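# Summary of structural features
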Amino acid sequence: MKESPQDKKLDEILRSSRLVAGGFMGCDTRSVSEIVDADEVKLSKLGFTRKQVAERMRQITNIAKAGLGTWVRIDESLEAKIDEARGLLVCPWPHPGTFLKRITSIRQTETGASIQWSDLNIHLIGEHGFFEGRGSNFRIEPAELVAIIG
Amino acid sequence: MLAAVLIAVVVVSSIGAGLAALLVVAEHFFANYGPCSITINDERRLTVNGGGKLLSVLTAEKIFIPSACGGRGTCGLCKLKVLEGAGPLLPTEEPYLDKDQRESNVRLGCQVKVRNDLKIEIPQELLAVREYICKCAEIIDLTHDMKQFRLELVEPQTIDYVPGQYIQLLTPVYEKSSEEVYRAYSISSDPADKSAIELIIRLVPGGICTTYCFEYLKVGDQVKMNGPYGEFRLSETDAPAVFIAGGSGMAPIKCMLHHMKNTGNKRKATYYFGANKVKELCLGELMRQFESELADFRFIPVIAAPEQDQNWDGEKGPVTEAVQRTLDNAGQCEAYLCGSPGMIDASLDVLKKLGVGEDKIFYDKFE
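Residues numbered from 1 in each chain as written. Chains lettered and ligands numbered in written order. Predicted model: local features only at pLDDT ≥ 70, side-chain atom pairs only at ≥ 80, totals over all residues.

### Comments concerning the overall build of chain B
A tally of regular secondary structure across chain B gives nine helices and 17 strands. Principal-axis analysis of the C-alpha atoms places the extent of chain B at approximately 80 × 55 × 45 Å. Burial status across chain B gives 39% buried among its 367 residues. In chain B, the proportion of contacts linking residues at least 24 apart, taken out of those at least 6 apart, comes to 70%. (Helix = DSSP H or I, 4+ residues; strand = E, 2+ residues; numbered from the N terminus. Buried ≥ 20, exposed ≤ 12 C-beta atoms within 10 Å, placed from the backbone. Contact = placed C-beta atoms within 7 Å.)

Below you can see the structure in the form of structure tokens.
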């Protein structure tokens, strides 16, 4: 599929390190739309939509906020904690959107399996279906995410 | 029929895209706006070459307006008043400006193009901002994820700032970042020492600047910063001060305590410092020193979940609960908070419940 000038610009921003260290694409050579489409298929096979997953992530983050940086019990098998840093993360898509640098870490108490996401990840998944490129610092594998929070 | 429609759509789209590209190229190479003047606060007049974005033109003139997105028009932070010459508000600016801001000619510096003479207003404190070249003179490990950096000033050789203010540190291009970026850090040093500043930085996983500082910056390296910025500062009253901080929120409070000591400030002060684990505490010795040197100062470290082998016998639980348990005469106090938005919000709730007036609570949220 031919890329529009807007797609090219977005791709350039996502691959640059201007907004986050190492960019959003990591070492992934696929285009943004290819990454989004592939992850959507994976999610769909797991029986979820991106909106559902993002909503669950947001719900967990909201519960974990109360811990002020300590581990908080989410349900019988999950606990989560929040780390916050100074500054804002900016959505790379061309629309207004800034997010606190808030990282939610979540782990399964029995298996020890863990995953982490930023508030920006929740937005990118929910609004743009973007789980980031392979090799980026905050790439989330849909299957791993669903296995822990699904 | 369908093929003909598709071909027509493709042709029309291509012509449109081509014309747009041509306009951009033409503007880049041929548009000559000539010299333009920028009058700042009716006091200072710059003559610049037209054509650039106001934010970058001002930066080139060493006038620094804070921005988090590098001028892409997505963070909405580089607001300033453009009283004349900016032209109509752009669709890219509208989402960031409320009604009052639009009516008072507030614009985004990164979106306004300098095409003709401009008249602008910038807060006085931003005009005091300077760029500094520094040498990293010392790096101290404070905890497993916090370090203290001492930056000696090379050019200019001294800095004046108000305790509580912050600087923006430039991260150069390095292995994990292909572009220069600025990040904000509170000054933690003794303000009596004007030849250097100290910063307390906590590692942010994947953070551009903190990764650079922790893994690449070495003693002896040259770094650039600009500042000072911010309105977080101690009032000049005698009201008892309550400091609440966590993590690298220690920085501005430490700076304020140095200042209180330097100026012989006798006001009562209590400092609640929240950490998750005992191993996350830092600068305890310095705090004990402040307890002995300041007229009426108490440092209360609060550990949310102490390690069992540490035999912690101090305050336990969330820092806000310790404040609720132990703070006396809250109604008389002024509160100074620095830390994560979550901690600040929780502290605001507790302080208000305890009777601290909203106008007596000052904070530096990590935003």
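### Quick word on the interface of chain B and chain A
With 35 residues of chain B at the contact, the number on the chain A side is 28 residues. Elements with a minimum of two residues in the side of chain B that touches chain A: strand E9 (181-186), helix H5 (208-215) and helix H9 (341-354) of chain B. In terms of residue count, the dominant contributor to the side of chain B that touches chain A is H9 of chain B (four residues).

### With respect to the sheet that holds strand E3 (residues 79-84) of chain B
Residue and element names in this part refer to chain B. Pairing within the open sheet is mixed, and its five strands lie in the order E2-E1-E5-E3-E4. Where the open sheet ends on each side, the last strands, each with one partner, are strand E2 (44-49) and strand E4 (106-108). If you compare each strand with its neighbour and ignore which way they point, the axes differ by 40° on average. Where E3 and E4 come together, three bridges link them in antiparallel fashion. Its bridge partner being in E4, Leu80 is matched across the sheet by Arg107. (Pairing = 2+ DSSP bridges. Axes fitted to C-alpha atoms, helices over the stretch in contact; angles between N-to-C directions.)

### Here's the deal with the confidence of the model for chain B
Per-residue pLDDT for chain B has a mean of 90; in total, 91% of the residues score no lower than 70. Prediction confidence for the complex, expressed as pTM and ipTM, is 0.80 and 0.71 respectively. (pLDDT = per-residue confidence, 0-100.)

### Side note on the nonpolar core
General note: in soluble globular proteins, nonpolar side chains tend to be found buried as a group. Residues and elements named next belong to chain B. If you look at the biggest cluster of nonpolar residues, it comprises 125 residues, and the most contacted ones within it are Phe243, Ile244, Ile253 and Tyr272. Top element by residues in this core is helix H6 (residues 250-262). It accounts for seven residues. Ignoring anything within four residues of it in the chain, the contact list for Ile253 reads Phe243, Ala245, Tyr271, Tyr336 and Cys338. (Core = buried A, V, L, I, M, F, W, Y, C linked by C-beta atoms within 7 Å.)

### Comments concerning the sheet that holds strand E8 (residues 166-171) of chain B
Residue and element names in this part refer to chain B. The antiparallel open sheet is built from six strands, whose spatial order is E9-E8-E11-E6-E7-E10. What marks the edges here is a single partner per strand, and that holds for E9 and strand E10 (196-202). Sheet twist, expressed as the average angle between the axes of neighbouring strands with direction ignored, equals 40°. Bridge count between E8 and E9: six bridges; the pairing is antiparallel. Across the sheet, Ile167 pairs through a bridge with Tyr185, a residue of E9. Those strands touched by H5 are strand E7 (146-155), E8, E9 and E10, and its axis lies near 75° from that of E8.

### Some thoughts on the pairing of strand E16 (residues 334-339) of chain B
All names here are of chain B. Here E16 lies mainly inside the structure; six of its six residues are buried. Alternating positions in E16 separate into two faces, Glu334, Tyr336 and Cys338 on one and Ala335, Leu337 and Gly339 on the other, with burial throughout. The sheet contact formed by strand E12 (residues 241-246) and E16 spans five bridges and is parallel. If you follow Ala245 over to E16, its bridge partner there is Cys338. Each parallel crossover has a hand, and for E16 linked through H9 to strand E17 (residues 361-365) it is right-handed. (Right-handed = clockwise from strand over helix to strand, strands pointing away.)

### A closer look at the pairing of E12 of chain B
Residue and element names in this part refer to chain B. In terms of burial, E12 is largely enclosed, as six of its six residues are buried. Neither face of E12 is left uncovered, since the one carrying Ala241, Phe243 and Ala245 and the one carrying Val242, Ile244 and Gly246 both have all their residues buried. Pairing of E12 with strand E13 (residues 269-275), which is carried by six bridges, proceeds in the parallel orientation. Residue Gly246 lies in a different strand from E13, and its bridge partner there is Gly274. Regarding the hand of the β-α-β motif, the stretch spanning E12, H6 and E13 is right-handed.

### Section: helix H3 (residues 50-64) of chain A
All names here are of chain A. With 15 residues, H3 should cover 21 Å at 1.5 Å per step; its first-to-last C-alpha distance of 21 Å lies within 8% of that length. Buried within H3 are the following residues: Arg50, Val53, Ala54, Met57, Ile60, Thr61 and Ala64. The buried residues of H3 occupy one face: seen down the axis, they fall within an arc of 125°. Opposite the buried face of H3, at more than 90 degrees from it, the exposed residues are Lys51, Gln59 and Asn62. (Expected span 1.5 Å × (residues − 1). Arc of directions from axis to C-beta.)

### Things to note about the packing of H3 of chain A against helix H4 (residues 119-128) of chain A
Residue and element names in this part refer to chain A. At a minimum axis distance of 8 Å, the contact between H3 and H4 shows a crossing angle of 160°. It follows from the interaxial angle that H3 and H4 lie roughly antiparallel. Between H3 and H4 the crossing geometry is left-handed. Here Arg50, Lys51, Val53, Ala54, Met57, Arg58 and Thr61 of H3 lie close against H4, whose contacting residues are Asp119, Ile122, Ile125 and Gly126. Its residues placed into classes, the contact of H3 with H4 shows five nonpolar, two polar and four charged. (Parallel < 35°, antiparallel > 145°, perpendicular 65-115°, else oblique. Left-handed = near helix turned anticlockwise from the far one by under 90°. Nonpolar A, V, L, I, M, F, W, Y, C, P; charged D, E, K, R; others polar.)

### Quick look at helix H5 (residues 142-149) of chain A
At 3.6 residues per turn, the α-helix brings residues three or four places apart onto the same side. Residues of H5 of chain A that are buried include every one of Pro142, Leu145 and Ile149 of chain A, and no others. The buried residues of H5 of chain A occupy one face: seen down the axis, they fall within an arc of 65°.

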